[in-house]
Amino acid sequence: MTHRVGLFGGTFDPVHNGHISIAQSFIDSSIIDELWVLLTPFPPHKQEKSTTSYQTRLDMLEVAFSGMEKVKINTVENSLPKPSYSIQTIRHLKKEYPDTTFFYCLGEDSLAKFHTWKFYDKILEECELLVAQRPGVSHDETEDDILSQTHFVSHTPLDISSSDIRSEAKKKTSIREEVPEEVALIIENEQLYS
Ligand code: ATP
């Protein structure tokens, strides 16, 4: 059997417990052998650019996932042309690792919008999707060609987002329940988002 790798991309500004929990669900599915967390410098779909440096977001990711041996942090998007279209990253990695089978990993809420992604049909030509379930999400608008290439994995989502953490840190509200301790220390020591 080939090596199976899940690709999970994001800005991770900052990484939080919701990301860690969804990563664990992808690993627990046993559909993949490893999960590569892709740190994106400039995501195509986000209006605001990240003000936190790439290196600081990377430092936070590394401490957050240090205890999960099947999770690897991947920085390839930093050396590819921007913005970081997923199709470009997937094609690049497939060329670099021809013996690996890649799965693109998403939350179920993102799946509902996947048909609006640029080149989504090309992504489906390159790999299958691994989608972490989110109760209550409807797939009425999800095309059959997408659903036929989707593996669902069981997951209980945590109601946490990076944008909420940034605004809480700005207001000096505690973020310690939403991020690992080492990430909270970086945010506090570097006075991120304040
Ligand atoms: P922001 O609030 O700045 O938009 P975010 O919290 O959504 O950020 P991203 O770095 O944009 O974080 O997300 C990376 C990936 O993690 C995306 O696929 C996103 O859908 C997923 N994700 C984000 N928050 C959660 C969560 N609480 N549970 C599961 N998946 C999540």
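Each value, and the rule that gives it
Counting starts from 1 at the beginning of each chain's written sequence and moves along it residue by residue. Local features in a predicted model are, by the rule used here, given only for residues with pLDDT of at least 70; side-chain atom pairs are given and counted only at 80 or more, and totals for whole chains, interfaces and linings are based on all residues. Secondary structure elements follow DSSP: runs of H or I of four or more residues count as helices, runs of E of two or more count as strands, with numbering from the N terminus. Atoms counted for the radius of gyration: C-alpha only. Globule rule: 2.2 Å times the number of residues to the power 0.38. Residues with at least 20 neighbouring C-beta atoms inside 10 Å of their own are called buried, those with 12 or fewer are called exposed, and the rest are partly exposed, where every C-beta is derived from the backbone. Any two residues are considered in contact once their C-beta atoms, placed from the backbone, lie within 7 Å. Any residue whose backbone-placed C-beta atom lies within 6 Å of a molecule or strand is treated as near that molecule or strand. When DSSP locates at least two bridges between a pair of strands, those strands are taken to pair. Axis definition: a line fitted to C-alpha atoms, over the contacting stretch in the case of helices. Angles run 0 to 180 degrees between N-to-C directions.

On a plain count of helices and strands, the protein chain comes out with eight helices and six strands. Listed N to C, the secondary structure of the protein chain is β-α-β-α-β-α-β-α-α-β-α-β-α-α in terms of helices and strands. The C-alpha radius of gyration computed for the protein chain amounts to 16 Å, which stays within 12% of the reference 16 Å derived for 194 residues, consistent with globular compactness. In terms of overall dimensions, the protein chain has a C-alpha envelope of 45 × 35 × 30 Å along the principal axes. For the protein chain, buried positions account for 32% of its 194 residues. Counting only contacts in the protein chain whose residues sit at least 6 apart along the sequence, the fraction spanning at least 24 positions is 71%.

Every one of the 16 residues lining the ligand counts as a neighbour, but Gly10, Gly18, Ser161, Ser162 and Ser163 are closest to it. Counting residues per element, the ones that place at least two in the shell around the ligand are α1 (17-28), β4 (100-107) and α7 (162-170). A total of three residues in the shell around the ligand trace back to one element, the largest contributor, which is α1.

Here the focus is the sheet that holds strand β6 (residues 150-153). One open sheet holds the six strands; their spatial order is β3-β2-β1-β4-β5-β6, and the pairing between them is parallel. In the strand order of this sheet, the two ends are held by β3 (71-74) and β6, each with one partner. Geometrically, the sheet is characterised by an average inter-axis angle of 30° between neighbouring strands, direction not taken into account. Bridging between strand β1 (residues 3-10) and strand β2 (residues 34-39) involves six bridges; their strand directions are parallel. Bridge pairing in β2 links Val5 to Glu34. Across the face of the sheet, helix α2 (residues 54-64) comes into contact with β2 and β3 while running at roughly 160° to β2.

For the rest of this paragraph, the subject is unusual backbone geometry. Following Asp13, the chain continues into Pro14 via a peptide bond in cis, with omega recorded as 5°. Mapped onto the elements, Pro14 comes out in the loop between β1 and α1. In this model, Lys82 is joined to Pro83 through a cis peptide bond whose omega is -5°. Non-glycine residue Tyr193 carries a positive phi angle of around 65°. Along the polypeptide, Tyr193 turns up in the segment after α8 (181-189). On the basis of neighbour counts, which here come to 18 C-beta atoms within 10 Å, the residue Tyr193 falls in the partly exposed class.

What follows deals with the environment of Leu106. If you trace the backbone, Leu106 turns up in strand β4. Note on Leu106: 23 C-beta atoms within 10 Å, which makes it buried. Leaving out residues up to four positions away in the same chain, Leu106 has contacts with Leu111, Phe114, Leu129 and Val131.

Keep in mind that these numbers describe shape and distance, not what the molecule does.
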